[in-house]
Amino acid sequence: MSGTVALYLPLLLPLAGTLLITLAGDNRVVLLETISILTAFLLFLVIATLAQGVFDGARPSVLLAEPFPDLPLVLTVEPLGMLFALLASLLWIITTIYSIGYMRAHREKHLTRFYAFF
């Protein structure tokens, strides 16, 4: 996976998961939970793949825009930011599993809205 694609995937995966959850609807609780967990795991895998290169010294970057001449807006991955992304994506998996148990135990309604925003 190229560095540019790997930088866009962590941004696009949660959006794709949100879209799939919204399309699934409230009546399919197991599907909502599956999409939520799958999205969290996929995000962690993408970030872990990207982290291998960053911790080995690579600095993947992508040019987002150039609003003025000689003033580019570039997204560059640094090791400390990558460590934070790894930790956040790992915690998202744990929190998702916890939220499934919590929502089931309380028999909450409006699960589609909860998981879409989660």
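Residues numbered from 1 in each chain as written. Predicted model: local features only at pLDDT ≥ 70, side-chain atom pairs only at ≥ 80, totals over all residues. Heavy atoms only, no water.

A. Focus on a nonpolar patch on the surface. Residues Y8, L11, L12, L15, L64, L73 and L75 make up a contiguous nonpolar surface patch of roughly 660 Å² in combined accessible area. The set of elements that each furnish at least two residues to the nonpolar patch consists of α1 (3–24) and β2 (71–76). The element best represented in the nonpolar patch is α1, accounting for four residues. Positionally, L15 belongs in helix α1. (Patch = residues over 30% accessible without salt bridge, like charges linked within 9 Å, V, L, I, M, F, W, Y side chains within 5 Å. Areas by Shrake-Rupley, 256 points an atom, 1.4 Å probe, with all protein chains shown as cover. Salt bridge = Lys/Arg side-chain N within 4 Å of Asp/Glu carboxyl O. Helix = DSSP H or I, 4+ residues; strand = E, 2+ residues; numbered from the N terminus.)

B. Fine view of helix α3 (residues 79–105). Here α3 contains 27 residues, and its C-alpha end-to-end distance of 39 Å stays within 8% of the 39 Å for a straight helix at 1.5 Å per residue. Regarding α3, the residues found buried are M82, A85, L86, S89, W92, I93, T96, S99, I100 and M103. (Expected span 1.5 Å × (residues − 1). Buried < 20%, exposed > 50% of the residue type's maximum accessible area, 1.4 Å probe, protein only.)

C. Molecular detail of unusual backbone geometry. The residue D70 is not glycine, and still its phi comes out positive at about 65°. Locating D70 in the fold gives a position in the loop between β1 (61–68) and β2. Here D70 falls in the exposed class, since its relative accessible area comes to 74%. Although it is not a glycine, R107 sits at a positive phi angle of roughly 50°. Along the chain, the position of R107 falls in the loop between α3 and α4 (111–117).

D. Fine view of helix α2 (residues 29–55). For α2, spanning 27 residues, the distance from its first C-alpha to its last is 39 Å, which sits close to the expected 39 Å at 1.5 Å a residue. Just beyond α2, the residue with positive phi is G57, at close to 115°.

E. Highlighting the packing of aromatic side chains. Enumeration over the complete set of coordinates arrives at three aromatic pairs. Measuring from centroid to centroid gives 6.3 Å for Y98 and Y102, while their planes differ by 25°, and the two rings are stacked. Separated by four residues within a single helix, Y98 and Y102 lie in helix α3, roughly one turn from each other. Residue Y102 is classed as partly exposed on the basis of its relative accessible area, which comes to 38%. Each ring, one from F114 and one from Y115, has its centre 5.1 Å from the other, and the planes form 75°; the classification is edge-to-face. (Phe/Tyr/Trp six-rings, centres within 6.5 Å; stacked < 30°, edge-to-face > 60°.)

F. A look at the pairing of β2. Two elements, β1 and β2, share five bridges in a ladder whose sense is antiparallel. Within β2, the position partnered with L63 by the bridge is V74. Taken together, β1 and the strand that follows it, β2, pair antiparallel across an intervening segment of two residues, in which D70 is found at a positive phi of about 65°. (Pairing = 2+ DSSP bridges.)

G. View of the pattern of salt bridges. Under the counting rule described, the total for this entry stands at two salt bridges. Between E33 and R104 there is a salt bridge, with the nearest N and O atoms lying 2.5 Å from each other. Of this pair, E33 sits in helix α2 while R104 is found in helix α3, placing the two residues 71 residues apart along the sequence. E33 gets classed as buried once you look at its relative accessible area, which sits at 7%. Two residues, E78 and R59, come together in a salt bridge whose shortest N-O distance is 3.7 Å. You can see E78 sitting in the loop between β2 and α3 and its partner R59 sitting in the loop between α2 and β1, a full 19 residues away along the chain.

What is shown is where atoms sit, not what they do.
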